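Next come the chains, spelled out residue by residue.
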Amino acid sequence: MDFPKNLKYTKDHEWALVEGIVVTVGVTDHAQNALGDIVYIDLPETGKILKSGDPFGVVESIKAVSDLYSPATGKVIDKNTRLADDPSLVNKDPYKQAWMIKIELTDKSSLETLMDCEAYSKYVASLK
């Protein structure tokens with residue numbers, strides 16, 4: 001599996017694209033592959049305040065229902081409304097079209113626990 005080098009990763013298999021004070025969040029290719037066909041996604045409303053590690057939504061597949069966890073502390077400033085109509089985008093394009101939320105960062109130190117691509121690759125390999 002390929003993990004983009006410009007992203008940061010959580011042990012719960014979310015990715016984070018950090019651009020200044022905006023963090024775009026989604027789930028990794030590993031996560032979508034493990035879940036199987038995704039049929040429903042519940043995302044928070046804009047304005048919701050999240051702490052790193054807080055659940056922010058739910059993804060439901062034909063195999064399981066899983067919580068989604070915030071990789072950063074801040075306020076939700078946008079959500080991908082396309083996923084409500086087409087949750088399968090997560091299976092097709094987890095790193096581009098299937099971003100889930102954007103967070104306005106209020107605590108930059110909350111990013112310190114995230115893994116880079118190399119560390120995440122090793123972590124995923126250790127799960128097998």
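What comes next concerns the included structure. (Residues numbered from 1 in each chain as written. Predicted model: local features only at pLDDT ≥ 70, side-chain atom pairs only at ≥ 80, totals over all residues. Heavy atoms only, no water.)

### Topic: the sheet that holds strand E6 (residues 55–61)
Taken together, the three strands give an open sheet; going across it, the order is E4-E6-E7, and neighbouring strands pair in antiparallel fashion. Of all the strands in the sheet, just strand E4 (38–42) and strand E7 (65–69) have a single pairing partner and so form its edges. The sheet shows a mean angle of 25° between the axes of neighbouring strands, taken without regard to direction. Bridge analysis of E6 against E7 gives five bridges, and the strand direction is antiparallel. Within E7, the position partnered with Glu60 by the bridge is Val65. (Pairing = 2+ DSSP bridges. Helix = DSSP H or I, 4+ residues; strand = E, 2+ residues; numbered from the N terminus. Axes fitted to C-alpha atoms, helices over the stretch in contact; angles between N-to-C directions.)

### Considering unusual backbone geometry
Even without glycine at this site, His13 takes up a positive phi of about 75°. Summarising the element assignment, His13 is placed in the loop between strand E1 (8–9) and strand E2 (14–19).

### Describing the sheet that holds strand E5 (residues 49–50)
If you walk across this open sheet you meet the six strands as E1-E2-E3-E9-E8-E5, and the pairing is antiparallel. Edge positions in the sheet fall to E1 and E5, since each has one partner strand and no second. Bridging between E1 and E2 involves two bridges; their strand directions are antiparallel. When the sheet's bridge partners are listed, Lys8 is paired in E2 with Ala16.

### Section: helix H4 (residues 117–126)
Given 3.6 residues per turn, any residue in an α-helix points the same way as the ones three and four places further on. For H4, the set of buried residues is Cys117, Tyr120 and Val124. Projected down its long axis, H4 shows its buried positions confined to an angular sector of 65°, all on one face. Projecting away from the buried face of H4 at angles above 90 degrees are the exposed residues Glu118, Lys122 and Ser126. Summarising the contacts, the buried residues of H4 are in contact with E1 and helix H1 (29–35). Where H4 begins, the side chain of Asp116 points an oxygen toward the backbone nitrogen of Glu118, at a separation of 3.3 Å. (Buried < 20%, exposed > 50% of the residue type's maximum accessible area, 1.4 Å probe, protein only. Arc of directions from axis to C-beta. Contact = heavy atoms within 4.5 Å. Polar contact = N/O pair within 3.5 Å; in protein donor to acceptor, adjacent residues only side chain to side chain.)

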